[in-house]
Amino acid sequence: MSSGTTALLDAIATLERQGGQAVLATVVKVEGSAYRRPGARMLIPLYGGTVGTISGGCLESEVARKAWWLTDEVPAMVRRYSTASDEHADDEDAALTFGLGCNGTVHVLLQRHSPERPLAAFELLRLVRGSGQAGALATVISSHRNARTEVGEQMPLHPDHDIDYHLKDPLLGAQVRADLANVLARGRSALHHYRDAHGEVEVFCEYLPAQQRLVVFGAGHDAQPLVQLAKLHDWHVTVVDGRAHFARAERFPEADAVLQVDVQAPYALQPLTDGALVAVMTHSYSQDRHWLGGLLGSNPLYIGQLGPRDRTERLLDEIPASGAGLAALGRLHYPIGLDIGGDTPAHVATAILAEMTAVLHQRNGGMLKHRQTSIHATMGSAAQGAPSKASA
């Protein structure tokens, strides 16, 4: 999910308590260059300001200004916006061209939400956030000469919940569900095209990841900006320290949990750290050795150890390799963070968050000016061929 999912869910909850209406704007397709990628969302309540972003600030006011009358006759529609230079726009597209010179086209789905007609996307977003498990959402974004299928139809998929939203065409729905399950298994969104005797349909199959978790071992002063930056990423953050005078909630008001854990007592790390990003930065040699030893025998996504290289190597020499031993050694990064310079707590936190983000996106953290390919990962696209038994 996007970095503003918490704010979006809070706004939806407020809207539903008040019985209000809104338009949900979602980027469903991008051609060329664009600031936000497919899956970016912005909520436009009937009253009040917008929540979330779908661009770098150039599209929001235009979309919010027209979203309500564009969906006045139909509950859902896709609007195309160009970020090309003005001279590339013809008369028909001029009103939707913003002259940014990015040479990209952004397709934005606008959907009406009301108490009488709630959106499947909202229910799935809540399930993904509450369960800690990823989900997938299929959305029809174009229907060419196909009277069976309408733009805006959605089918959600969650591994533990059956959500009662289906496509009107059951044969198409069966195909889409199979492709949606593949998107969920691969962890990557994709565009799918379907063609049958009734016309052509394009479907955005969106992967909705669970909220990323960060666990920080160490509640010192340099952990505070790290927690603050992580919450800007909309991560779930837990701070752990064995020292009661450090592990206090008032020191980390943004954190989701602050735990004071006695390093001398048994403690199960796996439920807390498996699949999580982990930073070990207690500034205590004995605490670091204790936590690092437990982490190397568990299954975190990333382990970062603060401190000089030789200090960490001494820690590793003192950690026994019995049992699970050093199974996660390949995920250990030390010294923690990218090489960006600076030695203030804010600089250190920035370097750590940058490296974690690079690992999440399978990047090396190099300068973009040296990158030879697109700065964004390409979303998968699949074409379904001639009419088949399932789609005829």
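Along the chain, Gln-211 turns up in the loop between strand E9 (199-208) and strand E10 (213-217). Within the local environment of Gln-211, its side chain forms a polar contact with the backbone oxygen of Asp-234, the two atoms lying 3.0 Å apart. Excluding its chain neighbours within four sequence positions, the residues that come into contact with Gln-211 are Thr-6, Arg-129, Asp-234, Trp-235 and His-236.

What follows covers helix H4 (residues 170-186). Taking 1.5 Å of rise per residue, the 17 residues of H4 would be expected to cover 24 Å, and the 24 Å separating its terminal C-alpha atoms lies within 8% of that figure. Among all positions of H4, only Leu-172, Gly-173, Gln-175, Val-176, Asp-179, Leu-180 and Val-183 are buried. The arc that holds the buried residues of H4, viewed along the axis, is 160°, so those residues lie on one side. In H4, the exposed positions that point more than 90 degrees away from the buried face belong to Pro-170 and Ala-185. Buried-residue contacts for H4 involve strand E6 (135-144), strand E7 (154-157), strand E8 (190-196) and E9. Just downstream of H4 lies Gly-187, where phi reads positive at about 70°.

As a further point, take the packing of aromatic side chains. For the structure on display, the rule yields two aromatic pairs. Look at Tyr-267 and Trp-291: their rings are 6.4 Å apart centre to centre, the planes differ by 85°, and that puts the pair in the edge-to-face class. You can see Tyr-267 sitting in the loop between strand E12 (257-260) and helix H6 (270-273) and its partner Trp-291 sitting in helix H7 (residues 285-296), a full 24 residues away along the chain. Judged by its relative accessible area of 1%, Trp-291 is buried. Put simply, the rings of Phe-217, Tyr-267 and Trp-291 touch in pairs and so form one group of aromatic residues.

Strand order across the open sheet formed by six strands is E12-E11-E10-E13-E14-E15, with parallel pairing between neighbours. Sheet topology places E12 and strand E15 (332-333) at the edges, where each strand pairs with a single neighbour. Where strand E13 (residues 277-280) meets strand E14 (residues 302-305), four bridges bridge the pair, whose relative direction is parallel. Counted as the bridge partner of Val-278 is Ile-303 from E14.

What follows deals with the packing of helix H1 (residues 5-17) against helix H3 (residues 120-131). H3 packs onto H1 with a crossing angle of 125° between their chain directions and a minimal axis gap of 11 Å. In terms of orientation, H1 and H3 fall into the oblique class. The interaxial crossing formed by H1 with H3 has left-handed handedness. Residues Thr-5, Thr-6, Leu-8, Leu-9, Ile-12 and Glu-16 of H1 touch H3, and the partners they reach there are Phe-122, Leu-125, Arg-126 and Arg-129. The class makeup of the residues in the contact of H1 with H3 is five nonpolar, two polar and three charged.

A separate point is the pattern of salt bridges. When the charged atoms of two side chains lie near each other, side chains of opposite charge can form a pair. As enumerated under the stated definition, the model contains 15 salt bridges in all. Between Arg-248 and Glu-250 there is a salt bridge, with the nearest N and O atoms lying 2.8 Å from each other. A residue is classified by how much of its surface remains accessible, and Arg-248, at 31% relative accessible area, is partly exposed. Since its relative accessible area comes to 58%, Glu-250 is described here as exposed. By sharing partners, the salt bridges in this structure join Lys-29, Glu-31 and Glu-202 into a single network.

As a further point, take the nonpolar core. Formed by 22 residues in total, the largest nonpolar core has its most connected members in Leu-214, Leu-226, Trp-235 and Met-356. Setting aside residues up to four positions removed in sequence, Leu-226 forms contacts with Leu-214, Val-216, Ala-279, Met-281, Ala-349, Ile-352 and Leu-353.

Another point: the environment of Ala-190. Summarising the element assignment, Ala-190 is placed in strand E8. Measuring from C-alpha to C-alpha, the distance between Ala-190 and Ala-138 comes to 9.5 Å, with 52 residues separating the pair along the chain.

Moving on, we come to the packing of H7 against helix H8 (residues 309-318). Packing of H7 against H8 leaves a shortest axis separation of 10 Å and a crossing angle of 60°. Between H7 and H8 lies a crossing of right-handed hand. Packed against H7, whose contacting residues are Tyr-285, Asp-288, Arg-289, Leu-292 and Leu-296, the element H8 presents Arg-311, Arg-314, Leu-315, Leu-316 and Glu-318 at the interface. Taken together, the residues of the contact of H7 with H8 break down into five nonpolar, no polar and five charged.

This brings us to the sheet that holds strand E4 (residues 76-82). What the five strands build is an open sheet, ordered E3-E2-E1-E5-E4; its pairing is antiparallel. With partners counted over all chains shown, the strands left at the sheet margins are strand E3 (51-52) and E4, one partner each. Across two bridges, the pairing between strand E2 (residues 41-45) and E3 is antiparallel. Paired with Leu-43 across the two strands is Val-51, which belongs to E3. Across the sheet, H1 touches strand E1 (22-32), E2, E3 and strand E5 (104-113), and the angle it forms with E2 is around 25°.

What counts as what
- Residues numbered from 1 in each chain as written.
- Predicted model: local features only at pLDDT ≥ 70, side-chain atom pairs only at ≥ 80, totals over all residues.
- Heavy atoms only, no water.
- Helix = DSSP H or I, 4+ residues; strand = E, 2+ residues; numbered from the N terminus.
- Polar contact = N/O pair within 3.5 Å; in protein donor to acceptor, adjacent residues only side chain to side chain.
- Contact = heavy atoms within 4.5 Å.
- Expected span 1.5 Å × (residues − 1).
- Buried < 20%, exposed > 50% of the residue type's maximum accessible area, 1.4 Å probe, protein only.
- Arc of directions from axis to C-beta.
- Phe/Tyr/Trp six-rings, centres within 6.5 Å; stacked < 30°, edge-to-face > 60°.
- Pairing = 2+ DSSP bridges.
- Axes fitted to C-alpha atoms, helices over the stretch in contact; angles between N-to-C directions.
- Parallel < 35°, antiparallel > 145°, perpendicular 65-115°, else oblique.
- Left-handed = near helix turned anticlockwise from the far one by under 90°.
- Nonpolar A, V, L, I, M, F, W, Y, C, P; charged D, E, K, R; others polar.
- Salt bridge = Lys/Arg side-chain N within 4 Å of Asp/Glu carboxyl O.
- Core = buried A, V, L, I, M, F, W, Y, C linked by side-chain atoms within 4.5 Å.

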